[in-house]
Structure formats: structure tokens, C-alpha cells
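# What the coordinates show
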Amino acid sequence: MAETTAAQRLREYETIFLVKPDLTDDNVDRLKERVRGIVNREGGKLIRFTVWGKKKTLYPVAKQPRAIYVHTHFLGDSKLVAEVERNLRNIDEVTRYLSVKLADEVDPESRPVLEDVKMAGDVEETRPGAPEREPFRAEPAEEAVDTEEEAPEEA
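Keep in mind it's a predicted model, so treat the numbers as computed, not measured.

### Section: the pattern of salt bridges
Enumeration according to the criterion identifies 12 salt bridges in this entry. The partner of Glu12 in a salt bridge is Arg111, and the shortest N-O contact between them spans 3.0 Å. With Glu12 in strand β1 (residues 10-19) and Arg111 in the loop between β4 (94-106) and β5 (117-118), this residue pair connects regions lying 99 residues apart in the sequence. Here Asp116 makes a salt bridge to Arg36, at a shortest N to O gap of 2.7 Å. You can see Asp116 sitting in the loop between β4 and β5 and its partner Arg36 sitting in helix α2 (residues 25-41), a full 80 residues away along the chain. Residue classification places Arg36 among the partly exposed residues on the basis of a relative accessible area of 21%. A single salt-bridge network, built from bridges that share partners, covers Asp29, Lys32, Glu33, Arg36 and Asp116.

### Some remarks on the pairing of strand β3 (residues 64-76)
The buried fraction of β3 is high, at 11 of 13 residues. Bridge count between β1 and β3: nine bridges; the pairing is antiparallel. Bridge pairing in β3 places Phe17 opposite Val70. When strand β2 (residues 45-61) meets β3, the two strands line up antiparallel, connected through 11 bridges. Residue Lys54 lies in a different strand from β3, and its bridge partner there is Ile68. Connecting β2 to the next strand, β3, in antiparallel fashion are two residues, including Ala62 with a positive phi near 55 degrees.

Basis of the calculations
Residues numbered from 1 in each chain as written. Predicted model: local features only at pLDDT ≥ 70, side-chain atom pairs only at ≥ 80, totals over all residues. Heavy atoms only, no water. Salt bridge = Lys/Arg side-chain N within 4 Å of Asp/Glu carboxyl O. Helix = DSSP H or I, 4+ residues; strand = E, 2+ residues; numbered from the N terminus. Buried < 20%, exposed > 50% of the residue type's maximum accessible area, 1.4 Å probe, protein only. Pairing = 2+ DSSP bridges.

The structure is reproduced here in C-alpha cells:
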């Protein structure tokens, strides 16, 4: 009886992974379906995918200043997280990933499956109609006045 109760209790995790910015929406959907298949195959329960869109990263990741952020929220065990991360590591389009445990012993029946969400992300810096910014220029320093020439001559 204790084994069936323990098997029904899962941990709650979230995984955020960064995808190369030049990927199309179809390719991002394929990645989502691959992760969804892994979670289902390993006995987990996927709660929601949220695509945060293309955003500027703090520093260049894989020589790219931007990335597509994808957030995955699911229930499972530590073996499931290891399998998801192993697959993300082997996908060339995924540049970074991070998994975090949110809660222990969650009843899967208490967590409904939510609809996938897609957000717009940041506005592109080179959007049409945007005013172009001038580069910062320091004000030219006042030229020093030569005081020797202006001094009256002493006899």
C-alpha cells in the first residue's frame, strides 16, 4: 500500500531552456513536442509550456546576443529531470537549460493541465519606424585660452 501511495506522489519541477534566436516557430514547436513526449514516456505529467519569446540575454550565449526562452512546468521524479536534461544537452538548437525543483510530494490529480502560452518577447531593436539613436558623443572641451599673448608687456 505504501508503494502505490509513493508512486502517485510526484515532485514539481520547472525547466527553462534557451533556443537559438534564428529558429522558426515550427522548430520550437518540435522541441516542445519532443520534451512533451519524454515527460509522458517517463511517467510524468506536463502542466504547461510557456514560450517567452525572443529576448536579449545578459551576455552572448553561443555567440548570440538574443535567445528564445522556453519555460516548461511538469511533475515527475529525478530520473525524469535527468532524462529531459540529457535530451536538451544533445539538441544543437538548445544553448542553455536550467531545472529547478518547486515542490515535493505533489498529487498529480490536484494539478490541472494548462494550455500552452506564447508571449511576444522583446521588441526588436531595429523595428521599422523607430527613431534611430545617435551614438553618445562627449561635448568638445573648451579650448584653453593662451594667456601669455594677452598679458600686457612690461618695460
